[in-house]
Amino acid sequence: MNLQIGEMAFLGMLALLIFGPERLPGMARNLGRMVARFRSEASGALDELKQTAELDDLRGAVNELRGQTQGLRQAVTLAAPQAAAAAAVETPVATRENGHGPALRPGETAPFDPDAT
């Protein structure tokens, strides 16, 4: 709403004729106070809406992290018995007395390489 200078002067003259010179300054003062109060309330409401939106974003992020944490806990719970079983099955590899290669198990014969002899 753009008011030209001529339009503003016309409205001022009209207000002066309707309300009179005695009441017009007080009404303008009250109008200014009302506009300031309205702006203050609108600004407060806007700030409150922004805070609410930020809290909603944070709540969404927290819920997402909680879901991921639960997924990781389930994965660890499922993997723990398998890891324990694998650790129990694995045995250290013994080496031969000379330190080269794995030791022979009972009943196992040494490999024979005809080219080596």
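Attention here is on the structure that accompanies the text.

Rules and cut-offs
- Residues numbered from 1 in each chain as written.
- Predicted model: local features only at pLDDT ≥ 70, side-chain atom pairs only at ≥ 80, totals over all residues.
- Heavy atoms only, no water.
- Helix = DSSP H or I, 4+ residues; strand = E, 2+ residues; numbered from the N terminus.
- Buried < 20%, exposed > 50% of the residue type's maximum accessible area, 1.4 Å probe, protein only.
- Areas by Shrake-Rupley, 256 points an atom, 1.4 Å probe, with all protein chains shown as cover.
- Patch = residues over 30% accessible without salt bridge, like charges linked within 9 Å, V, L, I, M, F, W, Y side chains within 5 Å.
- Salt bridge = Lys/Arg side-chain N within 4 Å of Asp/Glu carboxyl O.

Our focus in this paragraph is the overall build of the protein. When its secondary structure is counted, the protein shows 1 helix and 0 strands. In the protein, which comprises 117 residues, the proportion classed as buried is 1%. Surface exposure of the protein reaches about 10900 Å², of which carbon and sulfur atoms provide 61%.

Attention now moves to a nonpolar patch on the surface. Judged by side-chain polarity, Leu3, Met8, Phe10, Leu11, Leu14, Ile18, Phe19 and Met27 come together as a nonpolar surface patch covering roughly 750 Å² of accessible area. Within the secondary structure, Leu3 sits in the segment before α1 (5-89). A residue is classified by how much of its surface remains accessible, and Leu3, at 40% relative accessible area, is partly exposed.

Scanning all chains against the criterion turns up 1 salt bridge. The salt bridge involving Arg59 is made with Asp56; its shortest N-O contact spans 3.3 Å. Of this pair, Arg59 and Asp56 both sit in helix α1, separated by 3 residues, roughly a single helical turn. Judged by relative accessible area, Asp56 falls into the partly exposed class, the value being 44%.

Interpretation note: all reported values are geometric properties and have no functional meaning in isolation.
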